[in-house]
Amino acid sequence: MTQGKDMMEDKGEATTGVAANANVVTLPGGRAKDIEAVPAPSAAPLSQTDAMPPPAPATNKSRKKAKLFGIGVLVTLGALVAWYPLSDHYAPYASGASITAQVTQIAPRVAGPVQHLLIADNAEVKAGQPLFQIDDSTFRMDVAQAQAQLDQALNSVSAGVAAIPAAEAKLAQAEVALLTAEQDLDRTTQLHQSGLVSVAKFNTADANHQTAQLNVEAARAEVERVKLTANTNDGNNPNLRTAQAVLDKAEFALANTTVLAPADGYISNLSLAEGQFVAAGTPAMTFINPKTQMIIADLRENQLVNVQPGDRAIVAFEAAPGRQFEATVDSIAWGINSGRTTVNGLAQSSNDTRWFPPARKVPVRVSIDDMSALPGSVRLGSEASVLIIPEDGLIPTIARTLMGLGSMLSGFN
């Protein structure tokens, strides 16, 4: 009984081993048939997750998505790599440009204390509008003095004109005396030759004749001098021209005590105050001429391969989000400073050891086609972006679209 019980236990263990390790356990041949006939005990049920692998269709879909994502990344990188040189050639773009204009430092022509300040800071002015006045007290006195000098010169001319007849009368008198002396000399000469007149009387008559000749020459010279001094009242008189020039200069200085705006524009950075002394030629305020506004953009050298003056351009301002303005390439700078220096009269070589030296940029001047279209928020020095379109095509269209999107997003900056 004990042996039979042991055999039954061995059969149970063998059967369990077969159920647990199917196709793995091998038993002695004499008992294999019996073991196969014994039904296997029921095992604990396995969960569906442990018993079944993930379904094949879901795995294929994940792999396809990953593959498509990788292809998309590669295509995007390739497009970005291709876009860089294509955009530089067909649609050069530069950010960080700025609007500039002619800035004039207004300075008075004369010196003096400021008597009246007629405008305020950042004011809009018109051409010829008074900006400020300098105290004109001394300048009015200079004009009065110059006028008096001119009147004196005119009086001198009038007196000289009146002196001409007197000088001519003296000349006529000298000529009469010369004629009398000549006649006296002739008679004395005849009598001297006849021996009736002494040598002394002859010498006296001859001396009187020479004196009369000299008096005539002196009287004639005096007439010429008086005529030249008088020379009537026209512009040929040097005294009158001198006095008139002094008067004109004094009046010019007086007129320039009021400083006027040179053109339509704006006053900026005003620091002038009434009572402040300003020197001639010293800047007193800053004037901006809006008609000379232009855009200066710095482009890399390789971006200028296809750019020429007259090309079409698009400008966007940070101060005008979402708006684009038509423009034209006005000019390209002919040179920039390369940074090369000299030492002891010799050129110094560059010691730059960087693998990728920074690209050199050349200033490009761009002018807005319609300056009146610029909003008031665009001021001198405002930041701008410039897109140059040498010729129409797909690349410039995409570049302009991207520029428009960037301009719109700048409004949220």
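Below: a short report on this structure. (Residues numbered from 1 in each chain as written. Predicted model: local features only at pLDDT ≥ 70, side-chain atom pairs only at ≥ 80, totals over all residues. Heavy atoms only, no water.)

## Regarding the overall build of the chain
- Tallying secondary structure elements over the chain gives eight helices and 14 strands in all.
- Looking at the chain as a whole, 27% of its 413 residues qualify as buried.
- Within the chain, counting contacts between residues at least 6 apart in sequence, those at least 24 apart form 78% of the total.
- Accessible surface, the chain as shown: approximately 27,100 Å² in total, 56% of it carbon and sulfur. (Helix = DSSP H or I, 4+ residues; strand = E, 2+ residues; numbered from the N terminus. Buried < 20%, exposed > 50% of the residue type's maximum accessible area, 1.4 Å probe, protein only. Contact = heavy atoms within 4.5 Å. Areas by Shrake-Rupley, 256 points an atom, 1.4 Å probe, with all protein chains shown as cover.)

## Topic: the sheet that holds strand β2 (residues 112–117)
- Spatially, four strands are ordered β5-β4-β2-β7 in an open sheet, and the strand pairing comes out antiparallel. Unpaired on one side and paired on the other, β5 (258–260) and β7 (277–278) mark the two borders of the sheet. (Pairing = 2+ DSSP bridges.)

## Digging into the side chain of Ser382
- By the element assignment, Ser382 lies in the loop between β13 (361–368) and β14 (383–389).
- For Ser382, a relative accessible area of 13% translates into the label buried.
- A polar contact of 2.8 Å, which involves the side chain of Ser382, links it to the backbone oxygen of Arg379. (Polar contact = N/O pair within 3.5 Å; in protein donor to acceptor, adjacent residues only side chain to side chain.)

## A look at the pairing of β2
- Taken together, the two bridges between β2 and β7 define a ladder with antiparallel strand orientation. Each bridged residue has a counterpart across the sheet, and for Pro113 the counterpart in β7 is Phe277.
- Relative to strand β4 (residues 130–134), β2 runs antiparallel, the two sharing three bridges. Directly across from Val114, in β4, lies its bridge partner Ile134.

## Some words on the nonpolar core
- Of all hydrophobic cores here, the largest spans 24 residues; its most connected members are Ile295, Val315, Phe317, Val366, Val386 and Ile388.
- Breaking this core down by element, the ones donating at least two residues are β1 (93–106), β8 (285–300), β9 (312–317), β10 (325–332), β13 and β14.
- Among the elements that take part in this core, β13 stands out by supplying four residues, more than any other.
- The residues contacting Ile295, other than those within four sequence positions of it, are Ala97, Ser98, Ile99, Val315, Phe317, Val364, Arg365, Val366, Ile368, Ala384 and Val386.
- Within the second largest apolar cluster, 19 residues are counted, among which are Ile119, Ile267, Val278 and Ala284. (Core = buried A, V, L, I, M, F, W, Y, C linked by side-chain atoms within 4.5 Å.)

## Considering the pairing of strand β6 (residues 265–268)
- Sheet topology note: the strand β3 (residues 124–125)/β6 ladder contains two bridges and is antiparallel. From the neighbouring strand, Glu124 faces β6, where its bridge partner is Tyr266.
- Relative to β8, β6 is paired through three bridges, and the arrangement is antiparallel. Across the sheet, the residue bridging to Ile267 is Phe287, located in β8.

## Some points on a nonpolar patch on the surface
- On the surface, a nonpolar cluster with roughly 500 Å² of combined accessible area is contributed by Leu394, Ile398, Leu402, Leu405 and Met408.
- Tracing the chain through its elements places Leu402 in helix α8 (residues 394–410).
- Judged by relative accessible area, which is 48%, Leu402 ranks as partly exposed. (Patch = residues over 30% accessible without salt bridge, like charges linked within 9 Å, V, L, I, M, F, W, Y side chains within 5 Å. Salt bridge = Lys/Arg side-chain N within 4 Å of Asp/Glu carboxyl O.)

## Some thoughts on the environment of Ala166
- Following the sequence through the fold, Ala166 ends up in helix α5 (residues 137–194).
- Take Ala166: its relative accessible area is 43%, and that puts it in the partly exposed class.

## So, the pattern of salt bridges
- Enumeration according to the criterion identifies seven salt bridges in this entry.
- As a salt-bridge pair, Glu175 and Arg220 come within 3.6 Å of each other at their nearest N and O atoms. Here Glu175 is found in helix α5, whereas its partner Arg220 is found in helix α6 (residues 199–230), with 45 residues between them in sequence.
- Judged by its relative accessible area of 37%, Glu175 falls in the partly exposed class.
- Arg220 sits in the partly exposed class, given a relative accessible area of 38%.
- As a salt-bridge pair, Arg400 and Glu326 come within 3.4 Å of each other at their nearest N and O atoms. Placement of Arg400 in helix α8 and of Glu326 in strand β10 is noted, with a sequence separation of 74 residues between them.
- Arg400 sits in the partly exposed class, given a relative accessible area of 27%.

## A closer look at α8
- Spanning 17 residues, α8 covers 24 Å between terminal C-alpha atoms, matching the ideal 24 Å at 1.5 Å per step.
- Within the span of α8, buried status applies to Ile395, Pro396, Ala399, Met403, Gly404, Ser407 and Ser410. (Expected span 1.5 Å × (residues − 1).)

## Quick notes on the environment of His192
- Its place among the elements puts His192 in helix α5.
- His192 has contacts with Val197, Ser198, Val199 and Phe202, leaving out every residue within four places of it along the chain.

## Some points on the environment of Gln102
- Position of Gln102 among the secondary structure elements: in strand β1.
- Sequence separation of Gln102 and Phe287 is 185 residues, and the distance between their C-alpha atoms is 8.5 Å.
- Excluding its chain neighbours within four sequence positions, the residues that come into contact with Gln102 are Phe287, Ile288, Asn289 and Thr292.

## Some points on helix α7 (residues 238–255)
- Between its first and last C-alpha atoms α7 spans 26 Å; for 18 residues at 1.5 Å apiece the expected length is 26 Å, and the two agree.
- For α7, the set of buried residues is Leu240, Ala243, Leu247, Ala250 and Ala253. Viewed end-on, α7 has its buried residues packed into an arc of 160°, placing them on one side of the element. Seen from the open side of α7, the exposed residues pointing more than 90 degrees away from its buried face are Thr242, Lys249 and Ala255. (Arc of directions from axis to C-beta.)

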